[in-house]
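# A look at the structure
What follows is the residue order along each chain.
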Amino acid sequence: MPSPLNTLKTKIFVLEDDLWYSQFLSYHLSLDTTHEVRAFSSANEFLHSLSEAPDIITLDYHLPGFDGEMILSRILEASPNTYIIVISGQEDISKAVNTIKQGAYDYIVKSEETKERLWSIVEKIKQHIALKREIEALRKEVNQNLSIGNEIVGSSEPIQKVLKLIQKAASDDINLMITGETGTGKEFTARAIHRRSSRAKKPFVAVNISAIPSELLESELYGHEKGAFTGATNLHIGKFEEAHGGTLFLDEIGEMDIHLQCKLLRILQERKVTRIGANTSFTVDVRVVAATNLNLLDEVRKGNFREDLYYRLLGLQIHLPPLRERGHDLLLIAQKVLQTYCQQRDIPAKSLTANAQKKLLKHNFPGNIRELKAVVELAAVLSDTAYITPEDIQLNESQPAPFSEEKTLDEYIADTVQKYLDKYNYNVLCVADKLKIGKSTIYRMIRKKEVYMASRK
Ligand SMILES: Nc1ncnc2c1ncn2[C@@H]1O[C@H](COP(=O)(O)OP(=O)(O)OP(=O)(O)O)[C@@H](O)[C@H]1O
């Protein structure tokens, strides 16, 4: 069965002042019923019709009163995707070369063989066009599948903002800083961005800084030569080198030892890495995506994180909201996780009952998407039917919900003031204004150590 792409008509314009020859070409080209042929004897009328963007034009190069070169360039300007076949009464090799250099697809001299040559050129062009349309359709399909919204689902306002940033991050090569509580999907997001970036064909290398002892981190990141230190029995390629051309994801960057931060800053500035024990350095081209669940600016204030490194890494910042701030997105994610789980295990699809959904919505999910995923996957195992019921949902209720803790009113007030101080960079005047309280109240709370000028973790 012909593909729908191949059943589209091919629009062909014939520009020829010799009436007999024009009819000859048009008749011949119309023998294929998928061709839609239109003949022009006047260059003016022809030029006005270029907005119709024909697929193919046969161009008589020697129209009386018109310069063939000028018409050719007008066509290329007005309809750059049109294939132009120049037809000339005279054999002139240098003109043929020039027209093709200018952008014509082919050059035919009027002769006994014109009909056959024209036919085979048109067939070749049609194959090109079909291929182009197919590529275009595939590209659209791939882009749709790659649409970030298919992967990171959610319609809540915070997630819609995040999705916009992710799209920007994918189309630019700027460094990224992804922040958010544990399990909010920082690595998941970094991978999604990498897959959509110009570096997609190169590696994505993830390093969890907190999981590697400080004394090993340097060698892990930059590599070492054989014999560089006791125990270095083999050459070791560092993560920077491994990620060359691609993306290096530095998870929990806030946990990096302050001494190592200095070296990282230098490498990011110079883009050159020297393996431990080596005499020479080499250039690395990596996009660094740093992630943290700490308030890194706080760490800077406390002297735990270098300010210069902070700004070097910052680039574009994407903050992933916790699940409890994503409203009903939680259910969309749960359904997606469920669908993926069932597909991967080749088991019939399951869905959440209304009561199961309510139960999920009531839970606080301190472990965010990681916790939700574990809960939903376990529910899929426990459910014996096509439905997930509340009984299948096993929640770890030991974690208190944020406001379920019993506190005095003063403690709640102090908490609120602290949150505002953290949010507004410890600007007391601004916080006093926002909360409609006196600034002296805040200063008193600071003196009494009820609130702090840097957030307590
Ligand atoms: N939008 C999402 N849709 C489906 N699954 C997700 C999504 N975001 C994250 N996940 C899944 O949740 C789990 C945790 O995600 P990830 O490791 O990216 O979180 P994180 O913020 O980097 O966590 P941590 O701070 O602990 O390193 C992973 O299994 C990941 O596949």
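What counts and what doesn't
Residues numbered from 1 in each chain as written. Predicted model: local features only at pLDDT ≥ 70, side-chain atom pairs only at ≥ 80, totals over all residues. Axes fitted to C-alpha atoms, helices over the stretch in contact; angles between N-to-C directions. Helix = DSSP H or I, 4+ residues; strand = E, 2+ residues; numbered from the N terminus. Parallel < 35°, antiparallel > 145°, perpendicular 65-115°, else oblique. Left-handed = near helix turned anticlockwise from the far one by under 90°. Contact = placed C-beta atoms within 7 Å. Nonpolar A, V, L, I, M, F, W, Y, C, P; charged D, E, K, R; others polar. Buried ≥ 20, exposed ≤ 12 C-beta atoms within 10 Å, placed from the backbone. Pairing = 2+ DSSP bridges. Right-handed = clockwise from strand over helix to strand, strands pointing away. pLDDT = per-residue confidence, 0-100.

## Things to note about the packing of helix H18 (residues 428–435) against helix H19 (residues 439–447)
Running from amino to carboxyl end, H18 crosses H19 at an angle of 120°, the nearest separation of the two axes being 8 Å. What the angle tells us is that H18 and H19 run oblique. Pair H18 / H19 crosses with right-handed handedness. Packed against H18, whose contacting residues are Val428, Leu429, Val431 and Ala432, the element H19 presents Lys439, Ile442 and Tyr443 at the interface. Residue classes in the contact of H18 with H19 are distributed as six nonpolar, no polar and one charged.

## Structural notes on the pairing of strand S4 (residues 83–88)
Counting buried residues along S4, five of its six residues qualify, which places the element largely inside the surrounding structure. Pairing of strand S3 (residues 56–60) with S4, which is carried by five bridges, proceeds in the parallel orientation. Along S4, the bridge assignment pairs Leu59 with Val86. In terms of strand pairing, S4 meets strand S5 (residues 106–109) through four bridges, oriented parallel. Following the sheet pairing, Ser88 is matched in S5 by Val109. On the question of chirality, the crossover connecting S4 to the parallel S5 by way of helix H4 (residues 93–102) is right-handed.

## What about the sheet that holds strand S13 (residues 287–292)?
Within a sheet, adjacent strands bond to each other through the backbone by hydrogen bonds, running parallel or antiparallel. Here we have five strands laid out as an open sheet, ordered S7-S10-S13-S6-S14, and parallel in their pairing. Only two strands of the sheet have a single neighbouring strand rather than two, namely strand S7 (204–208) and strand S14 (316–319). Sheet twist, expressed as the average angle between the axes of neighbouring strands with direction ignored, equals 20°. Here strand S6 (residues 176–179) pairs with S13 via four bridges, running parallel. Looking at S13, one finds that Ile178 is bridged to Ala291.

## Notes on the sheet that holds S3
Taken in spatial order, the five strands make up an open sheet running S2-S1-S3-S4-S5, and their pairing is parallel. In this open sheet, the two strands that pair with only one neighbour each are strand S2 (35–40) and S5. Each adjacent strand pair in this sheet contributes to an overall mean axis angle of 20°, direction not counted. Here four bridges tie strand S1 (residues 10–15) to S3, and the two strands are oriented parallel to one another. Its bridge partner lying in S3, Phe13 is registered against Ile57.

## Considering the confidence of the model for the protein
Segments scoring low in pLDDT should not have their predicted coordinates read at a detailed level. In the predicted model, the protein carries a mean pLDDT of 88, and the fraction of residues at 70 or more is 94%. Within the protein, strand S10 (residues 247–251) carries the highest mean pLDDT (97), whereas helix H6 (residues 148–151) carries the lowest (78). Considering only residues more than four positions removed or in separate chains, one finds that residues 1–6, a stretch of pLDDT under 50, has six contacts. In the model output, the complex is listed with pTM 0.61 alongside ipTM 0.98.

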